[in-house]
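# Structural description and commentary
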Amino acid sequence: MMQSLFAAARTGSRLAGHPRAWLVFLVLGGLAAVAVPFAAGASPVVETLSWVLLPGASALAVLTGMRRNGLTGSRPWRLIGAGLLITLLVSALGWGVGWGWLRSPLLLGVYQVGTLAAYGLALVALVMLSLRASGPRWAALLDAGTITVGVAMPLWTLLIGPVADQAAHIDTDLVFALALPVVDLFILGLVIRLALDSGRVPGLSLLGASYAAMFFSDVVYLLNQTSNEVYGAVSTACWLGWAVLTGAAMLHPSMAAANRTQEPAPFTRARLAAVLALALALTLVSPLVSVVVPMVTGAGPAAGAGAHGGSSVTLLTVLLAVLLVLRLSTVVCVSVAQAADLRVALHRQDVLQRSLSHRASHDPLTGLGNRTLLGEALHTVITSHAAAPDAPHPALLLLDLDAFKDVNDTYGHPVGDEVLTVVAQRLRELVAGERILARLGGDEFAILLPRAETGEAMAVAQRMLETVRAPYLLDGRELYLTTSIGVLTGTAIATASDALRDADLALYAAKAAGKNQITVFDGELRARRLHHAEIAVGLRQALAREEFTLAYQPVVDLTSGTIYAVEALLRWTPAGGRPIPPDVFIPVAEDTGLIVEIGRWVLNQACADAQRWHERYGIAVTVNVSGRQLRERAFRDTVLDVLARYALPENALTLEVTESMLLATTAAETRRIVELLAELRTHGVRIALDDFGTGYSSLAYLRTLPVDILKIDRSFTAPLTDTDPHQARAFTKAIVELSASLGLSTVVEGVESREQAAVLQQMGCPLAQGYLFSQPAPARAIDDMLQVAPSKTAA
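Model, not experiment: these values are computed from the prediction. (Residues numbered from 1 in each chain as written. Predicted model: local features only at pLDDT ≥ 70, side-chain atom pairs only at ≥ 80, totals over all residues. Heavy atoms only, no water.)

## Some details on the sheet that holds strand β12 (residues 686-692)
- Pairing in this closed barrel of eight strands is mixed, and the strands run β8-β9-β10-β11-β12-β13-β14-β15 around the ring.
- The sheet contacts of helix α18 (residues 582-592) involve β8 (548-557) and β9 (563-572), and relative to β9 the element is tilted by about 75 degrees. (Pairing = 2+ DSSP bridges. Helix = DSSP H or I, 4+ residues; strand = E, 2+ residues; numbered from the N terminus. Contact = heavy atoms within 4.5 Å. Axes fitted to C-alpha atoms, helices over the stretch in contact; angles between N-to-C directions.)

Structure (structure tokens):
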């Protein structure tokens, strides 16, 4: 017995940090709490030690558990801890030593005052925690009050009232004994409510069980006042059980979650229903028990309640009913508040849905409808026209600003956005009645005319053209823009996607025709676009199927007749099909970007063939390069890698570009391309300017562009032998002399007759190419040609 008592006292210090310390403490302390009181009569020492060691161990467990579980940072839990410690200390010193051993009335009074003070601290702390609980602010207190009154009524009727009636006189000890169960009940109600609010926290369940043990201890203690302490051992066992359960509760790891009642979980419907069911049960059962039990025992309706039993039951019943009504009113208030919150939430959701719907169908920059809204409007118009087929067809106008990218690149996107906003404002003036204006994205706009003849549609398109063309005054700048417009009118429309596709084809045609104009859709545009798509599909497969070949056309020295160089020309013959002309598939390759990969193949194949030709005959190979290739960041490395792979020396490779390719872009892009070509020249790559005379042909460009060779376009060659060739010969001779004065080589293209060759030789033109010398031929034919004809090296 003594070993269990001392073991329980040592548990708090030796096992306090272990996660199972609470269980060890509960088992050892429980054994001591049960065994010690019934052996205390045989040994006063044991009785005294039971009131000192076990509460002391519990006090140590409380301190350790509060520190380990983080409860010391919460004021309510500090007050609960202080109350528990005060109760344990005054019980050990005031009751155990002062009364149990020394029989000192003074120390007994200290015990009583300290116990009531500790109960008060526990009440204040639990009230503070209840006010933090979920739900209405006073709901937890009302629940605790309902539980207290509901249990207090039969307690008064069956216990407190009879004890008070049987007492000869009411002294301090009796008042103390009567007060403790009532306070215990309220504390127990608050703990139960706290446990419900915190969810499944085993530590709080242990704490509730400890106050239940305290309640039974105090009830039995009250009975002892009139029964000569025949129940003293039971009261002591229950009180020591409270001490043990309190220490175990504070040591339990789950108490770390108890402090989270500052942020409680929502009080669910199930938990609310349980609380209300308990309140209703107490309201119905408690008065019934208080009245029926005395009658059943034969003592009369007020037998257990003294002279004022009936009035006390009535008063407590009224109080219980008031508490229940107040609790139900909080539920009603919460329901009303939740209903109001729900209405507000539904209103906000409705506003949000409308806002999201508007955002989903409108452009955020201009406020115009977007592609989605236009598609819905087209669908509605098409459906309406199907119901009235005799009405004019709908018309769709697509507008795209010309070279708008230059505005963004030159002035920045904020200025570009402002220009788009102004364009939208101007176009709004053209929209009236049922007409719909939308921004499809970027610098593309659309106007839908639900019912319009072709003349009306073209008039609107012309006004759009003029409206956009007017100058834009932005931040002191005067900007000018043009636009291209595709018009779909006078034709049946099957679906919205078909309408957008056909109008876009017309817009694409307007762009390709030179921009700043209007193009009306016709079936030929769709056929051409379909052919374009078929070519694009074939090009994507051509490399893998090895359908590309190279043909080479010699460049000849007019004086000696030697082959000076060869130009690589791409040819495509689809498997099982007929050859497709370069002027058909190369523009498609450039549009789709496939020219980059195809051009890489051409460069690699041409340099592979040029390796043997340059080694044996000293001739160079010329490869045409597109603008898309030059704009690729990796183009420089691609060229240098190919040169290194085939060990081609300087001047063995010539890259042929057009002047429009170099200059028909932004100034910054032109500078980058010029720098790229200049760097390639430092690695021995020569640059030829093709089709000279057909583009800008500015002398300033020739001075700044990194060019080695000028190629005169065939359009200057044919008129050299006309009946009046004077003007053509003057232009050609001027170009030849200009090229020579700048230190550039000159190649005349399209020479097809000996007369043309003779005229060019008389002008001093050194190099020429054309059908007179050879048609484009495969590499094997060039090998044969070089073996029988003189070459640059042989000459």
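Continuing now.
## What about the sheet that holds strand β7 (residues 518-520)?
- The strand order β2-β3-β1-β6-β7 describes an open sheet built from five strands, whose pairing is mixed. Strands with a single pairing partner mark the edges of an open sheet, and in this sheet they are β2 (436-441) and β7. Direction aside, the axes of adjacent strands within the sheet are offset by 20 degrees on average.
- Bridging between strand β1 (residues 395-401) and strand β3 (residues 444-449) involves six bridges; their strand directions are antiparallel. In the strand pairing of β3, Leu397 is matched with Ile447.
- Relative to β3, helix α12 (residues 371-387) is tilted by about 20 degrees, and along the sheet it contacts β1, β2 and β3.
- Relative to the sheet, helix α15 (residues 454-469) contacts β1, β3, β6 (483-488) and β7, its axis offset from that of β6 by approximately 165 degrees.

## Quick word on the packing of aromatic side chains
- The tally for this structure, following the rule as stated, stands at six aromatic pairs.
- Here the aromatic rings of Phe548 and Phe585 are separated by 6.3 Å at their centres, their planes lie at 40 degrees, and the arrangement is tilted. Here Phe585 lies in helix α18 and Phe548 lies in strand β8, a separation of 37 residues in the sequence.
- Given a relative accessible area of 0%, Phe585 falls into the buried group.
- A ring pair is formed by Trp572 and Phe585, whose centres lie 5.6 Å apart and whose planes are at 80 degrees; its orientation type is edge-to-face. In this pair, Trp572 is assigned in strand β9 and Phe585 in helix α18, connecting sequence segments 13 residues apart. (Phe/Tyr/Trp six-rings, centres within 6.5 Å; stacked < 30°, edge-to-face > 60°. Buried < 20%, exposed > 50% of the residue type's maximum accessible area, 1.4 Å probe, protein only.)

## Details of helix α13 (residues 404-411)
- Of all the residues in α13, the buried ones are Phe404, Val407 and Asn408. Take α13 and look down its axis: the buried residues cluster within an arc of 95 degrees, on one side only. Exposed and oriented more than 90 degrees from the buried face of α13 are Lys405 and Thr410.
- Lining the buried residues of α13 we find β1 and α14 (413-428).
- The positive-phi residue at the C-terminal boundary of α13 is Gly412, with phi of around 100 degrees. (Arc of directions from axis to C-beta.)

## A few points about the pairing of β1
- Of all seven residues making up β1, seven are buried, and the element is well covered by its neighbours.
- Burial along β1 is two-sided: Ala395, Leu397, Leu399 and Leu401 and Leu396, Leu398 and Asp400, pointing in opposite directions, are all buried.
- Across six bridges, the pairing between β1 and β6 is antiparallel. Bridge pairing links Leu398 to Gly486 in β6.

## Here we look at the packing of α18 against helix α19 (residues 594-617)
- Remark: α18 packs on α19, axes separated minimally by 5 Å, with the N-to-C direction vectors making an angle of 115 degrees. Counting all contacts with α18, which are made through Ala589, Glu590 and Thr592, the residues of α19 involved are Leu594, Ile595 and Ile598.

## Focus on the nonpolar core
- With 77 residues, the main nonpolar core has Leu539, Tyr552, Leu630, Val639, Leu653 and Leu655 as its most contacted residues.
- Looking at this core element by element, the count peaks at 11 residues for α19.
- Among the nonpolar cores identified, the runner-up in size contains 56 residues, and Ala61, Leu85, Leu190 and Trp242 belong to it. (Core = buried A, V, L, I, M, F, W, Y, C linked by side-chain atoms within 4.5 Å.)

## Side note on the pairing of β6
- Most of β6 sits out of view: six of its six residues are buried.
- Of the two faces of β6, the one carrying Thr483, Ile485 and Val487 and the one carrying Ser484, Gly486 and Leu488 are both buried.
- Sheet analysis places β6 next to β7, joined by three bridges and oriented parallel. Bridged to Ile485 within β7 is Ile518.

## Here we look at the confidence of the model for the chain
- Looking at the chain, the pLDDT average stands at 80 and 83% of residues meet or exceed 70.
- Long-range and interchain partners of residues 261-265, a stretch whose pLDDT sits below 50, account for 12 contacts in this model, where long-range means more than four residues apart. (pLDDT = per-residue confidence, 0-100.)

## Focus on the packing of α19 against helix α27 (residues 779-788)
- It is at 11 Å that the axes of α19 and α27 come closest, and there the two elements cross at 5 degrees. The pairing of α19 with α27 is recorded here as roughly parallel in orientation. Listed contacts from α27 to Asp609, Arg612, Trp613 and Tyr617 of α19 are Ala779, Ile782, Asp783, Leu786 and Gln787.
- Here the residues of the contact of α19 with α27 sort into five nonpolar, one polar and three charged. (Parallel < 35°, antiparallel > 145°, perpendicular 65-115°, else oblique. Nonpolar A, V, L, I, M, F, W, Y, C, P; charged D, E, K, R; others polar.)

## Quick notes on the pattern of salt bridges
- Scanning the model with the defined rule gives 19 salt bridges in all.
- Close ionic contact of Arg672 with Glu669 constitutes a salt bridge, the shortest N to O distance being 3.6 Å. Residue Arg672 and its partner Glu669 are both found in helix α23 (residues 667-682); the two are separated by three residues, about one turn of the helix.
- The class for Arg672 is buried, based on a relative accessible area of 17%. (Salt bridge = Lys/Arg side-chain N within 4 Å of Asp/Glu carboxyl O.)

## Focus on helix α17 (residues 523-542)
- The first and last C-alpha atoms of α17 sit 29 Å apart over 20 residues, in line with the 28 Å expected at 1.5 Å per residue.
- Of all the residues in α17, the buried ones are Leu525, His532, Ile535, Ala536, Gly538, Leu539 and Ala542. All buried residues of α17 project into a common sector of 170 degrees when viewed along the axis, lining one side. Within α17, the exposed residues directed more than 90 degrees away from the buried face are Gly523, Leu530 and Arg540.
- Looking at where α17 begins, the residue whose side-chain oxygen comes 3.0 Å from the main-chain nitrogen of Glu524 is Asp522. (Expected span 1.5 Å × (residues − 1). Polar contact = N/O pair within 3.5 Å; in protein donor to acceptor, adjacent residues only side chain to side chain.)

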